[in-house]
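Residue strings, one per chain:
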Amino acid sequence: MGVALFSMVLLVFMLVQFVVMLKGVLAIDPSFGPDATLLDLVRSPDLNVVMERYLYHGDLIARTALWSGIVGTALIVFSVYLWKRNGLVDFLGLRMASAKQFILWTGAFLLLAAVLELLMRSVPSFQTDFMERVLGSSTDRVLLAIGVGLMAPLFEEFLLRGLLLGSIRHITDAHSAVALSAGVFTLMHLQYSWTVMLLILPLGVVLGYARVKSGSIWVPVLLHVINNMATVLLG
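In short, a report on the structure. On a predicted model such as this, the values are computed, not experimentally measured, just so you know.

**Considerations on the overall build of the protein**
Scanning the protein from terminus to terminus reveals 11 helices and 0 strands. Tracing the protein from N to C terminus, the helices and strands come up as α-α-α-α-α-α-α-α-α-α-α. The globule rule puts the C-alpha radius of gyration for 235 residues at 18 Å, and the 19 Å found for the protein is close to it. Taking the principal axes of its C-alpha atoms as reference, the protein extends roughly 55 × 45 × 30 Å. For the protein, the proportion of its 235 residues judged to be buried stands at 47%. The contacts of the protein with a sequence gap of at least 6 include a subset with a gap of at least 24, amounting to 75%. If you sum the accessible surface of the protein, you get close to 12100 Å²; carbon and sulfur atoms cover 68% of it. Charged side chains in the protein number 15 positive and 14 negative. The centres of these two groups are separated by 12 Å.

Listed below in structure tokens is the structure:
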């Protein structure tokens, strides 16, 4: 059931992303008239070219992350409630962790982030201009912060360290659940090169253990938000 729900949520999430992205392209691309519809864009022989043109557009990415994140997170909570009923809070880890847990894991995460940042700055193959291009094309930094800095981490944590990790724990141990959720987390960032994805993997591992050891989804949510917000606001 958990795997089925995970697949359903991911499919709906991707569909919402696709629709929001297409609507955004129609609104800003001068090659499409005011009466153009989503169907016109989908049928266009230049669809791939048009989508690649706006692949790094900050405003479109912000709106896409915001709306797909809202729909995806709400769907996770609703579907898990129907499945687990009174077990919703424990399954997703919705209880608040202690201040000690927040401080401990924030320190560990920031230390790892500092090491990875050093690697990115010193090894050319670990460098990426993805966020630079996104930030450079953004006209609304507040919207970008809400969409990419807040909503995207919230959804990813509820999906991976909530629904997926909780489901895997039914059939395997915590270490395997953390490893598998970290692997999926890494594969969800295909916008980066495989070398950069190697740096994303340990972040997923720490986020997974933060969830398991603290017993709360809010610890990895906070860590993930700190990471994304720093990228958006300090990039």
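**A closer look at the packing of helix α10 (residues 194–214) against helix α11 (residues 218–234)**
Direction vectors running N to C along α10 and α11 enclose 150°, while the axes themselves pass 7 Å from each other. In this view, α10 runs roughly antiparallel relative to α11, as classed from their interaxial angle. At the point where α10 passes α11, the crossing takes the right-handed sense. Across from Leu 207, Ala 210, Arg 211 and Ser 214 in α10, the residues of α11 making contact are Val 219, Pro 220, Leu 223 and His 224.

**Here's the deal with helix α1 (residues 2–28)**
With 27 residues, α1 should cover 39 Å at 1.5 Å per step; its first-to-last C-alpha distance of 39 Å lies within 8% of that length. Looking only at α1, the buried set comprises Gly 2, Leu 5, Phe 6, Val 9, Phe 13, Val 16, Val 20, Met 21, Leu 22, Gly 24, Val 25 and Leu 26. Contacts from the buried residues of α1 go to α2 (38–43), α3 (47–53), α4 (58–84), α8 (141–168) and α9 (174–187).

**Quick look at a nonpolar patch on the surface**
There is a patch of nonpolar side chains on the surface, built from Phe 18, Leu 39 and Val 42 and spanning about 250 Å² of accessible area. Of note, Leu 39 is situated in helix α2. We classify Leu 39 as partly exposed; its relative accessible area is 46%.

**Re the packing of aromatic side chains**
Applying the stated rule across the entire model yields 5 aromatic pairs. When the ring of Tyr 56 is compared with that of Phe 130, the centres are 5.5 Å apart and the planes differ by 65°; the resulting orientation is edge-to-face. With Tyr 56 in the loop between α3 and α4 and Phe 130 in helix α7 (residues 130–137), this residue pair connects regions lying 74 residues apart in the sequence. Judged by its relative accessible area of 23%, Tyr 56 is partly exposed. When the ring of Phe 130 is compared with that of Tyr 192, the centres are 5.2 Å apart and the planes differ by 70°; the resulting orientation is edge-to-face. Here the residue Phe 130 occupies a position in helix α7, and Tyr 192 occupies one in the loop between α9 and α10, the gap between them amounting to 62 residues. On the basis of relative accessibility, which here comes to 10%, the residue Phe 130 falls in the buried class. We classify Tyr 192 as buried; its relative accessible area is 16%. Members of the aromatic cluster, connected to one another through ring pairs, are Tyr 56, Phe 130 and Tyr 192.

**Re the nonpolar core**
Note on soluble globular proteins: their nonpolar side chains tend to be buried together. Core analysis: the largest hydrophobic core is formed by 57 residues, its most contacted members being Ile 76, Leu 159 and Leu 163. With 15 residues, the top contributor of residues to this core is α8. Within the second largest apolar cluster, 11 residues are counted, among which are Leu 26, Leu 41, Leu 47 and Tyr 54.

**Some thoughts on the side chain of Arg 161**
Within the secondary structure, Arg 161 is located in helix α8. With a relative accessible area of 0%, Arg 161 lands in the buried category. In this structure the side chain of Arg 161 is engaged in a polar contact, spanning 2.7 Å, whose partner is the side chain of Glu 157. Leave out the neighbours within four places in its chain, and Arg 161 touches Glu 156, Ser 181, Ala 182, Phe 185, Gly 204, Leu 207, Gly 208, Arg 211, Ile 217 and His 224.

**Describing the pattern of salt bridges**
Taken as a whole and judged by the stated rule, the model has 4 salt bridges. Salt-bridge contacts for Arg 95 lead to Asp 90; the nearest nitrogen and oxygen are separated by 2.1 Å. As a salt-bridge pair, Arg 121 and Glu 117 come within 2.9 Å of each other at their nearest N and O atoms. Of this pair, Arg 121 and Glu 117 both sit in helix α6 (residues 99–122), 4 residues apart, which is roughly one turn of the helix. Here Arg 121 falls in the exposed class, since its relative accessible area comes to 65%.

Calculation criteria
- Residues numbered from 1 in each chain as written.
- Predicted model: local features only at pLDDT ≥ 70, side-chain atom pairs only at ≥ 80, totals over all residues.
- Heavy atoms only, no water.
- Helix = DSSP H or I, 4+ residues; strand = E, 2+ residues; numbered from the N terminus.
- Rg over C-alpha atoms; globule rule 2.2 N^0.38 Å.
- Buried < 20%, exposed > 50% of the residue type's maximum accessible area, 1.4 Å probe, protein only.
- Contact = heavy atoms within 4.5 Å.
- Areas by Shrake-Rupley, 256 points an atom, 1.4 Å probe, with all protein chains shown as cover.
- Lys, Arg positive; Asp, Glu negative; His and termini not counted.
- Charge placed at Lys NZ, Arg CZ, Asp CG, Glu CD.
- Axes fitted to C-alpha atoms, helices over the stretch in contact; angles between N-to-C directions.
- Parallel < 35°, antiparallel > 145°, perpendicular 65-115°, else oblique.
- Left-handed = near helix turned anticlockwise from the far one by under 90°.
- Expected span 1.5 Å × (residues − 1).
- Patch = residues over 30% accessible without salt bridge, like charges linked within 9 Å, V, L, I, M, F, W, Y side chains within 5 Å.
- Salt bridge = Lys/Arg side-chain N within 4 Å of Asp/Glu carboxyl O.
- Phe/Tyr/Trp six-rings, centres within 6.5 Å; stacked < 30°, edge-to-face > 60°.
- Core = buried A, V, L, I, M, F, W, Y, C linked by side-chain atoms within 4.5 Å.
- Polar contact = N/O pair within 3.5 Å; in protein donor to acceptor, adjacent residues only side chain to side chain.

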